[in-house]
Amino acid sequence: MLYTMNSILSILTTDYPVDKYATYFSDDGGSLVHYEGLQLAAEFAASWVPFCRKHCVEPRAPESYFWAKMRGEYAGSAPKEFLDDHRRMRAAYEEFKARLDGLSAAIEQRSEVCNRANGKDKEECANATWMADGCTQWQGTWIKPAKGHRKGHHPAILQVMLDQPSKDPELGMTASSDHPLDFSAVDARLPMLVYIAREKRPGYDHQKKAGAMNVQLRVSALLSNAPFIINFDGDHYVNNSQAFRAAMCLMLDPRDGADTAFVQFPQRFDDVDPTDRYCNHNRMFFDATLLGLNGIQGPSFVGTGCMFRRVALYSADPPRWRPDDAKEAKASHYRPNMFGKSTSFINSMPAAANQERSVPSPPTVGEVELADTMTCAYEDGTEWGNDVGWVYNIATEDVVTGFRLHRTGWRSTYCAMEPDAFRGTAPINLTERLYQILRWSGGSLEMFFSRFCPLLAGRRLHPMQRVAYINMTTYPVSTFFILMYYFYPVMWLFQGEFYIQRPFQTFALFVVVIIATVELIGMVEIRWAGLTLLDWVRNEQFYIIGTTGVYPMAMLHILLRSFGIKGVSFKLTAKKLTSGARERLAELYDVQWVLLLVPTVVVMAVNVAAIGAAAGKAIAGRWSAAQVAGAASGLVFNVWMLLLLYPFALGIMGRWSKRPYILFVVLVTAVAATASVYVALAGSLP
């Protein structure tokens, strides 16, 4: 929860006109802990936001700011007050963290007291969870689940924590004994902050993240209705307070801005190990692939750190594809009950299309109508999750939603900036990382075999963009060919001689030229994208790791789905946050043995055994130097495989991987043992 509240605080302090944006927090579990945590964050923001504005601090997520090892030059307006304000602000933040940590215990203790006080008269209150006033039961999930108050079964909750501020600046308080920080020359206004917990009912498919995003889309239309929206995962925060302005510059660009549906920022991560063992940064994808797509129709949507044009999510056509006649355009776009039965929501849509309008005060919308847009049944018979909003019933709802916009003619834009616009956390445990890749690869194949297949898109999708999406949705199929490559070098495990293509010199020259050309292209690509050689190596290694155990599982998922079976369950990625880098990196050495690891272990074992068998053959057969040299051409494949699987080998070693030389000793010992067994067996045969 600490990281989530830091995300909220970083958004509240972003450098953007405070009266022109609002923050919506979606709590899909309906937890009182999150509700009261947001209240505490709003209270802390009253000091944190003016502090950030006064001293121009970066980043503006307090956890990241106070633990940063290096900071830039001071850019604020009161350098003499900075050290004293910094000390007091840090003390206030530590108190805020302590209150957050104690929320669960405080709520449980409060509820026990209230239940004892009310239990005699109201038996149904025996397990209730009570709010801070001590007389109101929490509508959402209770600590001890009860009917109508459990996970997946609770009413909708909507609470405006901070009202929309006025358009004119409001200076803060002067320093006093109760308020030691002087904000008398600082605008102390806070942006609008809203808590949302949508209704959950048994028997409904709530569509996970996509369903929650669509509820937010409707609620925000009724409360603020900004023409542009930006979404964040709960573990990401604003790292550069200018990020919103950068995205708006691209959205309002007079050249292609009007046809831009979304601006995608690359994902950046904190607390990844220095060598990026499991390719968490994925720089080849974010900084090379997405940047390359920017020259066609734009990058794909990758789930977080993305600014959208609201009307694009409503399935409106981009300006360049709209009919000239306004009536014809409206008739071709709207269909009966496409958006549901909320009159206020439908009436808000024309205003959302006007990006140059001034932001009005929140419209007066009845609580009943607001609550109606958050119910489970609101989307029945509508196009929500289909042609409106985020797409449902697919693991990679982000990529599919972006594809739907590209398919209708919209373009997107890639935006990278320094410092990084947003940062977050990534799974640094091997098993969690593989589960993440399984969800991506399985969802990609689902997309290809669905109605969102790139082959079926119309003429509005750019031809090269279509090719890019085909590659993006079919890459797990490469596992068939890579597996043959994996097991080619096991010839040493069998009797007899393996003949390579003759004449060997010509064949070897052909292979060298092909491989050198591919690697040269890779070098040019990383040079163009400004990446390092380590980024490229990690990308190659984890691609090979994925094709051994993850992609075959993704193929199995699609095969089962084709027979009407549920398929593989995609485990959500666990992303934890701890207070220090030492504890955070401890997850790197955790080993969680699951079936997903077995195929890669088999590939490693087979290649190690093949090297041992080759050594055993050389010893038992008393090979000449020429024979050994000839065998080296085959052994290079085995060694290359082990080098590519090196990060995986470290991962399954757990804490022993802190001493990589142990892995070398183990491999040499395994090769020697295999060779000895082979020699012994060869000597015992007649």
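Residues numbered from 1 in each chain as written. Predicted model: local features only at pLDDT ≥ 70, side-chain atom pairs only at ≥ 80, totals over all residues. Heavy atoms only, no water.

- Quoted straight from UniProt, the Subcellular location (unreviewed entry) entry for the protein says "Golgi apparatus membrane". (UniProt positions renumbered as here; feature names shortened; annotations may be inferred.)

### Describing the UniProt feature "transmembrane region" (unreviewed entry) in the protein
Inference 1: Taken from the UniProt record, the annotation "transmembrane region" (unreviewed entry) applies to residues 475–494, 506–530, 542–560, 593–616, 628–649 and 661–681.
Inference 2: Helix makes up 100% of residues 542–560 and strand 0%, whereas the separation of the span's terminal C-alpha atoms amounts to 26 Å.
Inference 3: Secondary structure over residues 593–616 splits into 79% helix and 0% strand, and the C-alpha atoms at its two ends are 32 Å apart. (Helix = DSSP H or I, 4+ residues; strand = E, 2+ residues; numbered from the N terminus.)

### Comments concerning the pattern of salt bridges
Inference 1: Under the counting rule described, the total for this entry stands at 24 salt bridges.
Inference 2: Put simply, Arg-268, Asp-270, Arg-283, Asp-287, Asp-420 and Arg-423 are held in one network by salt bridges that share partners. (Salt bridge = Lys/Arg side-chain N within 4 Å of Asp/Glu carboxyl O.)

### A short note on the sheet that holds strand β2 (residues 157–162)
Inference 1: Read across the open sheet, the 3 strands follow the order β1-β3-β2; overall the sheet is mixed. Edge positions in the sheet fall to β1 (22–26) and β2, since each of these pairs with one other strand and no more. Ignoring which end each strand starts from, the neighbouring axes of this sheet average 20° apart.
Inference 2: In the sheet, β2 pairs with strand β3 (residues 192–197) via 5 bridges, with the strands oriented antiparallel. The partner of Ile-157 across the bridge, within β3, is Ala-197.
Inference 3: Its contacts with the sheet place helix α1 (residues 2–12) against β1 and β3, and it is angled at close to 165° to β1.
Inference 4: This element, helix α6 (residues 208–223), spans β1, β2 and β3 of the sheet and lies at about 145° to β1. (Pairing = 2+ DSSP bridges. Axes fitted to C-alpha atoms, helices over the stretch in contact; angles between N-to-C directions. Contact = heavy atoms within 4.5 Å.)

### Digging into the nonpolar core
Inference 1: In terms of nonpolar packing, the biggest core is built from 45 residues, with Leu-38, Trp-48, Phe-51, Phe-96, Trp-138, Leu-193 and Tyr-195 touching the most fellow members.
Inference 2: For this core, the secondary-structure elements that each account for two or more residues are α1, α2 (32–55), α3 (62–66), α4 (79–101), α5 (103–118), β2 and β3.
Inference 3: If one sorts the elements of this core by residue count, α2 sits on top with 13 residues.
Inference 4: Residues in contact with Leu-193, not counting those within four places in the same chain, are Ile-8, Leu-12, Thr-23, Leu-38, Ala-42, Gln-159, Val-160, Met-161 and Leu-162.
Inference 5: One finds Phe-308, Met-338, Val-365 and Tyr-392 within the second-largest nonpolar core, a separate group that totals 38 residues. (Core = buried A, V, L, I, M, F, W, Y, C linked by side-chain atoms within 4.5 Å. Buried < 20%, exposed > 50% of the residue type's maximum accessible area, 1.4 Å probe, protein only.)

### Observations concerning the UniProt feature "binding site: UDP-alpha-D-glucose" (unreviewed entry) in the protein
Inference 1: Following the UniProt record, the feature "binding site: UDP-alpha-D-glucose" (unreviewed entry) maps to Asp-28 and Lys-208 here. Maximum C-alpha separation among the annotated residues is 8.4 Å over a sequence range of 181 residues, consistent with a single clustered spot.
Inference 2: Tracing the chain through its elements places Asp-28 in the loop between β1 and α2.
Inference 3: Once residues within four sequence positions are removed from consideration, Asp-28 is found in contact with His-154, Arg-198, Lys-200, Lys-208 and Ala-212.
Inference 4: There is a polar contact of 2.7 Å between the side chain of Asp-28 and the side chain of Arg-198.
Inference 5: Tracing the backbone shows Lys-208 in helix α6.
Inference 6: Setting aside anything within four residues of it in sequence, one finds Lys-208 in contact with Asp-28 and Arg-198. (Polar contact = N/O pair within 3.5 Å; in protein donor to acceptor, adjacent residues only side chain to side chain.)

### Digging into helix α16 (residues 479–487)
Inference 1: Looking only at α16, the buried set comprises Thr-479, Ile-482 and Tyr-486. Each buried residue of α16 lies within a common arc of 65° when the element is viewed along its axis, so the set occupies one face. Opposite the buried face of α16, by more than 90 degrees, sit the exposed residues Phe-481 and Met-484. (Arc of directions from axis to C-beta.)

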